[in-house]
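Listed below, chain by chain, are the residues.
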Amino acid sequence: MNSPVWMPYTQMKDAPSPLMVRSAHGAVLELEDGRQLLDCISSWWVTLHGHTQPQIAAAIADQAQRLEQVIAAGFTHQPAEDLARRLRGHLPFVPRLFYSDNGSTAVEVALKMAYQYWRNRGAQGRRRFLSLEGAYHGDTLGAMSLSGRSLFTAPFAELLLPVDWVPFPQTWIGDGEAESREAAALEHLDGLLRRGGEEYAAMIVEPLVQGAAGMRMCRPHFLRQLAGLLRRHGVLLIADEVFTGFGRTGEFFACQKAEIQPDILCLAKGLSGGFLPLAATLCSEEVYQAFCSEDPHHTFYHGHSYTANPLGCAAALASLELLEQQPAPFAALERWHREELGRLADHPQLCRLRVCGTIAALEVKGAEGYLHELGPSLKARFLERGFLLRPLGGVIYLVPPYCLERGQLEAVYRCIAEVVAACSS
Ligand SMILES: Cc1ncc(COP(=O)(O)O)c(C=O)c1O
């Protein structure tokens, strides 16, 4: 390929040429060659209201003419202050907010915060973390350490932090065995905590939906039990809401739906409505206070050049305003997904149909694993028909922008049913 651009998550040796995108509006991408694609995955799960949403675009343009960037140590600005206060209104149990600029850094900050929290309190022995099997928390070394061991992490195995794993009790529509899977997972966690509770700094979870693992879903009840166990053993809970935040699971935040109150919570992706790289790590007053000290060693020495970028904060405020004004679209999507999945319930090649808010997924029988050859061929066929879907192996999922119309969703599901039938025959 002639392009000097090295694409993410792509084997460049035999990669098809990337599609050149000219513009985008609502849920539709317009390609340079005139074709249109329906973006059914919110461009890696970031676009909330739709592409080039006018109020967000205007807020960025307006902010760019007043203050585009300023060093965040010793300075602040209205958008950063307003955004932190608005988020605190939604998440009062994590009132302190630390800005960064992508999901991986939001998680990296959370890890460092949790680790140093214990050190600052004189508990030096808490060096290990807990995570759920199959998790994905990002690509920086710390975030990768907490992500399930896989093809992605294999080359770096020797560099990763010490982590103990808890099974993820995934469930789907019509599943009758969720409870026994949950009980086994909780028993495993309880065993780890009983044996070495004082060695753990924190446990991290993607609440309700594990995104990159293949949109695997668990029940709120499981998370409540898990949070209770951690609290009993004094281990911090980090909720990674990088993907699940801002209505994705049908509530503003997955933690509200699951009724859990983590000590630390990570946001990115939809935070800016999908316009600009912005992230935030929110923490409880107790965690924050452990860093307020006369001892310079207790300071949180972490920051990024673009910490609290004013354009990103202005975009996030405009996006939040839209969500607060119209929560209906993300509620409607779940109902529509359920109706469409209902029609596919007896499809002979599909199984494990599931939905959580705006997120839906289904699996092609017998096509397990990220590298399953069916994934690329499904993707190519969806593209030919005008749909941007990016199956994870044999898992086909939908994470549409909230502006998607009923008729557009119907068309996607019809396409999925036809393509799966054609691929399997
Ligand atoms: C739950 C979760 N955490 C963290 C990340 C990493 O975010 P980013 O790609 O912005 O670094 C992702 C990305 O998909 C994610 O789904």
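Definitions and limits used
- Residues numbered from 1 in each chain as written.
- Predicted model: local features only at pLDDT ≥ 70, side-chain atom pairs only at ≥ 80, totals over all residues.
- Near = placed C-beta within 6 Å.
- Helix = DSSP H or I, 4+ residues; strand = E, 2+ residues; numbered from the N terminus.
- Nonpolar A, V, L, I, M, F, W, Y, C, P; charged D, E, K, R; others polar.
- Core = buried A, V, L, I, M, F, W, Y, C linked by C-beta atoms within 7 Å.
- Buried ≥ 20, exposed ≤ 12 C-beta atoms within 10 Å, placed from the backbone.
- Domains from an automatic or database assignment.
- Contact = placed C-beta atoms within 7 Å.
- Expected span 1.5 Å × (residues − 1).

> Got a minute to help me understand the site of the ligand in this structure?
Near the ligand, the surroundings consist of 14 residues, among which Asn 102, Gly 103, Ser 104, Gly 138 and Val 242 are the closest. Looking at which element gives the most residues to the shell around the ligand, the answer is helix H4 (residues 103-120), with 3 residues. Class assignment of the residues belonging to the shell around the ligand gives a composition of 6 nonpolar, 6 polar and 2 charged.

> What is the right way to look at the nonpolar core in this model?
One broad rule of soluble globular proteins: the nonpolar side chains tend to lie buried together. Core analysis: the biggest nonpolar cluster contains 127 residues, and Ala 202, Met 203 and Ile 238 have the highest contact counts within it. Sort the elements by how many residues they give to this core and H4 lands first, with 9 residues. Split by domain, this core shows at least three residues from each of two domains, domain 1 (12-52 + 327-424) and domain 2 (58-324). Those residues in contact with Ala 202, other than ones at most four positions away along the chain, are Ala 114, Phe 129, Val 235, Leu 236, Leu 237 and Ile 238.

> Any chance you could explain unusual backbone geometry here in plain terms?
One non-glycine residue with positive phi stands out, namely Leu 208, at about 75°. Turning to its location among the elements, Leu 208 is positioned in the loop between strand E7 (200-205) and strand E8 (209-210). Residue Arg 352 is not a glycine yet carries a positive backbone phi of 50°. Here Arg 352 lies in strand E13 (residues 350-356). A tally of 20 C-beta atoms within 10 Å means that Arg 352 is categorised as buried.

> Explanation requested: the domain arrangement of the chain in the structure shown.
Interface extent is often summarised as the accessible area lost during association of the parts. Under the domain assignment, the chain is made up of domain 1 (12-52 + 327-424) and domain 2 (58-324). Sorting the residues of the side of domain 1 that touches domain 2 by element identifies helix H1 (42-45), helix H11 (328-344), E13, strand E14 (359-364) and strand E16 (395-398) as the ones contributing at least two each. Here the residues of the side of domain 1 that touches domain 2 sort into 17 nonpolar, 6 polar and 3 charged.

> Looking at this model, I keep getting lost on H4. Mind explaining?
When the terminal C-alpha atoms of H4 are compared, their 25 Å separation across 18 residues agrees well with the 26 Å that a helix rising 1.5 Å per residue should span. Counted residue by residue, H4 has 14 buried out of 18 residues, so it is predominantly covered. Remark: Gly 122 follows H4 within two positions and exhibits a positive phi of approximately 85°.

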